[in-house]
Amino acid sequence: ACTISTSEEYIELPDRHAITLFRIFQETLNNILKHSRAKNAQVEVVKGDDHLEMIVFDDGVGFDASARNKPRSFGLRGMQERVEHLGGSVKISSTTGKGTQIAIFIPLEPEQSAGNSSRNNALGVESS
Amino acid sequence: MIDILVVDDHALIRKGLKLLLDENPDFQVKGEAESGMQAVKMVREHHYDLILLDISLPDKHGMDVLRQLKREQPDIKIIVLSMYPEDQYGVRALKAGALGYINKQCATEKLVVAIRHVVSGKKYISEALAEQLLNNLIGESQDLLHQSLSNREYQTLCLMSSGKSLTEISEIMMLSPKTVSVYRARMLEKMSFKNNAEAVHYAISHSLVESDN
């Protein structure tokens, strides 16, 4: 079974962040399916004022550091690179036989009031 | 005719129950099982109107047998019959799907009443169990406070109350400290606490924190 919980009903994100998270989400679920032999997986999305963290964990077989650093394993490394690109970090904790937890931390712009952002748009400010 | 399966590892109890129950013309002890596995197997193969289930069985815990039977046949009627007093397993047995819980010290007549009650589709609750349920109900308003927390919010509360700092908690949970603060904020809000101190006080007074010493 896979359950999902979020801290807010609807979380709005910049496209770049949303796409990154989606790709990583796919990757983690893929990994769980392919390798973990887990019975249950849980995904949690927690949004704070200026950050978002997605936590994916399962009760599968887990893995150790050597498996993670295999030269031909690109998934986790790709994940790491995508997240670092957004200034975030990936924490992987796994114990053989005890499941895996992957926490993706991504910093966000502090929440602005609606007035602020619309003024930005009106002025045509572009973020590069 | 009410077909009954008696599950108990003691032959004497099984025979005794059979004797007692067969005195009632419409009761028939159709099967006896001396272990959990045997009970599960017999229920798969035959139909019983009622199962009298002991808690202490040689192979599996009676509560596990109860859950397994309920999973396989959700509408199966089970009365747990145990030497344990009601306050130990009573509520848990009912929550796991038993329709009645009877202490082995009870009078025979009560057992017969309970069986008729349960077979007719009702639940049977002894006086002792009723009292305990009532106590649970009255105490509930307090318990519910922390039962509404998610696992991680609860874990945050416990770790916080055992003196861990935000950073330490985030290291234990392998998450960012910011996420832990979100958990903490939600926990405070759900439990309508104004500050950490109130939360810590609650956790300690409800023994949610295990002391290290």
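Refer to the preceding data block for the structure.
Residues numbered from 1 in each chain as written. Chains lettered and ligands numbered in written order. Predicted model: local features only at pLDDT ≥ 70, side-chain atom pairs only at ≥ 80, totals over all residues. Heavy atoms only, no water.

On to the packing of helix H8 (residues 166-173) of chain B against helix H9 (residues 177-190) of chain B. Residues and elements named next belong to chain B. The N-to-C vectors of H8 and H9 enclose an angle of 105 degrees; their axes lie 8 Å apart at closest approach. Taken together, the axes of H8 and H9 lie roughly perpendicular to each other. Residue-level inspection shows Leu-166, Ile-169, Ser-170 and Met-173 of H8 in contact with H9, the latter providing Pro-177, Val-180, Ser-181, Tyr-183 and Arg-184. Class assignment for the residues of the contact of H8 with H9 results in 6 nonpolar, 2 polar and 1 charged. (Axes fitted to C-alpha atoms, helices over the stretch in contact; angles between N-to-C directions. Helix = DSSP H or I, 4+ residues; strand = E, 2+ residues; numbered from the N terminus. Parallel < 35°, antiparallel > 145°, perpendicular 65-115°, else oblique. Contact = heavy atoms within 4.5 Å. Nonpolar A, V, L, I, M, F, W, Y, C, P; charged D, E, K, R; others polar.)

Below, the discussion takes up the sheet that holds strand S3 (residues 51-58) of chain A. Residue and element names in this part refer to chain A. The strand order across the open sheet built from 5 strands is S1-S2-S3-S5-S4, with neighbouring strands paired in mixed fashion. Edge positions in the sheet fall to strand S1 (2-6) and strand S4 (89-94), since each of these pairs with one other strand and no more. Taking each pair of neighbouring strands and ignoring which way they run, the sheet shows an average axis angle of 10 degrees. Bridge count for S4 against strand S5 (residues 100-107) is 6 bridges, and the pairing is antiparallel. Bridge pairing links Ser-89 to Phe-105 in S5. Here helix H3 (residues 75-85) sits on the sheet in contact with S4 and S5, set at roughly 20 degrees to S5. (Pairing = 2+ DSSP bridges.)

As a further point, take helix H1 (residues 11-22) of chain B. Residues and elements named next belong to chain B. Along its 12 residues, H1 runs 16 Å from first to last C-alpha, staying within 8% of the 16 Å computed at 1.5 Å per residue. The complete set of buried residues in H1 reads Arg-14, Leu-17 and Leu-21. For H1, the arc enclosing every buried residue in end-on projection is 70 degrees, short of the 170-degree limit, so these residues lie on one face. Away from its buried face, by an angle of more than 90 degrees, H1 presents the exposed residues Leu-12 and Leu-19. Each element contacted by the buried residues of H1 is listed here: strand S1 (2-7), strand S2 (27-33), strand S3 (50-53), strand S4 (78-82) and helix H5 (108-119). (Expected span 1.5 Å × (residues − 1). Buried < 20%, exposed > 50% of the residue type's maximum accessible area, 1.4 Å probe, protein only. Arc of directions from axis to C-beta.)

On the chain A side, the residues contacting the 10 residues of chain B number 16 residues. Contact between chain B and chain A buries roughly 1100 Å² in total, counting both sides, with carbon and sulfur atoms accounting for 50%. Of all residues in chain B, Arg152(B), Met174(B) and Lys178(B) bury the most surface against chain A, accounting for 46% of the area lost on that side. Linking chain B with chain A are 2 salt bridges, by the criterion used here. The element best represented in the side of chain B that touches chain A is H9(B), accounting for 5 residues. Residue composition of the side of chain B that touches chain A, by class: 5 nonpolar, 2 polar and 3 charged. (Buried area = accessible area lost by both parts, 1.4 Å probe. Salt bridge = Lys/Arg side-chain N within 4 Å of Asp/Glu carboxyl O.)

The subject of this paragraph is the pattern of salt bridges. Going through the model one piece at a time under the given rule, you end up with 15 salt bridges over all chains. In this structure, the salt-bridge partner of Glu44(A) is Arg152(B), at a minimum N-O distance of 2.7 Å. A residue pair is termed interchain when its members come from two chains, as with Glu44(A) in strand S2 (residues 41-47) and Arg152(B) in helix H7 (residues 151-161). Its relative accessible area of 8% is what places Glu44(A) among the buried residues. Looking at Arg152(B), the relative accessible area reads 9%, which means it is buried. Of the charged contacts in the structure, one is a salt bridge between Lys104(B) and Asp54(B), with a shortest N-O distance of 3.4 Å. One end of the pair, Lys104(B), is in the loop between strand S5 (100-103) and H5; the other, Asp54(B), is in the loop between S3 and helix H3 (62-72), with 50 residues separating them in the sequence. Where salt bridges share partners, they join Arg14(B), Lys15(B), Glu32(B) and Glu34(B) into one cluster.

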